[in-house]
Amino acid sequence: MKRSVFFVSDGTGITAETLGRSLLAQFDTVEFEESAIPYVDTEDKAHSLVAQINQVAESDGVRPIIIDTIVNRQVRDIIATANAFMLDVFETYLDKLETELCAAPTTVVGKTHSILNNEAYNVRIDAVHFALDNDDGAR
């Protein structure tokens, strides 16, 4: 059995793809046709994507799976209208965390890959430079 899967994000899509592939790997009897769709960050792009997903649903004869990391609720709501089974990574966890932490999430695109600790980042970059400078044949 083949299922189409769309990894959708308003950023690079790395988080959606990584988590999605981890989840799908548990189903080794199913063949997945994967499509990564990054930078879906406007309502127009979302409507375009819905049309694409609906076309795949019609041609496959079974609804595709969407695994997304969209932070904008309006864009996410548009995508949710597609003829697909949708797993929204942020919606699954952010509401629960918001309640537990008594704080609202910032819902800023790209926060997953932002640098939170400049000192640790600089140490890591220095280590990479050291390795490159001292690797025989690297340069």
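Every value quoted in this text rests on a predicted model; they were computed, and no experiment measured them. (Residues numbered from 1 in each chain as written. Predicted model: local features only at pLDDT ≥ 70, side-chain atom pairs only at ≥ 80, totals over all residues. Heavy atoms only, no water.)

Ranked by internal contacts, the top residues of the largest apolar core, which has 16 residues, are Phe6, Val8, Val40, Leu49, Ile53, Ile66 and Ile79. For this core, the elements supplying multiple residues, two or more each, are strand S1 (2-9), helix H2 (43-60) and helix H3 (73-79). If you tally residues by element for this core, the top one is H2, at 5 residues. With sequence-adjacent residues up to four places away left out, Val40 is seen in contact with Val8, Ser9, Asp10, Lys45, Ala46, Leu49, Ile70, Val75 and Ile79. Counting 7 residues, the second largest nonpolar core, distinct from the first, contains Phe7, Ala16, Ile65 and Val89. (Core = buried A, V, L, I, M, F, W, Y, C linked by side-chain atoms within 4.5 Å. Buried < 20%, exposed > 50% of the residue type's maximum accessible area, 1.4 Å probe, protein only. Helix = DSSP H or I, 4+ residues; strand = E, 2+ residues; numbered from the N terminus. Contact = heavy atoms within 4.5 Å.)

Now for the environment of Met86. Looking at the secondary structure, you find Met86 in strand S4 (residues 85-88). Assessed through its relative accessible area of 22%, Met86 is described here as partly exposed. In this structure the C-alpha to C-alpha distance between Met86 and Phe6, which are 80 residues apart in sequence, comes to 9.3 Å.

To continue, consider the pattern of salt bridges. All chains considered together, the criterion is met by 6 salt bridges. Across the salt bridge formed by Glu17 and Arg21, the nearest N and O atoms sit 3.0 Å from each other. Here Glu17 and its partner Arg21 are both found in helix H1 (residues 14-24), 4 residues apart, which amounts to about one turn of the helix. For Arg21, a relative accessible area of 40% puts it in the partly exposed group. Two residues, Asp41 and Lys45, come together in a salt bridge whose shortest N-O distance is 3.0 Å. Lys45 gets classed as partly exposed once you look at its relative accessible area, which sits at 40%. Salt bridges here are not isolated pairs; linked through shared partners, they connect Glu17, Arg21 and Glu34. (Salt bridge = Lys/Arg side-chain N within 4 Å of Asp/Glu carboxyl O.)

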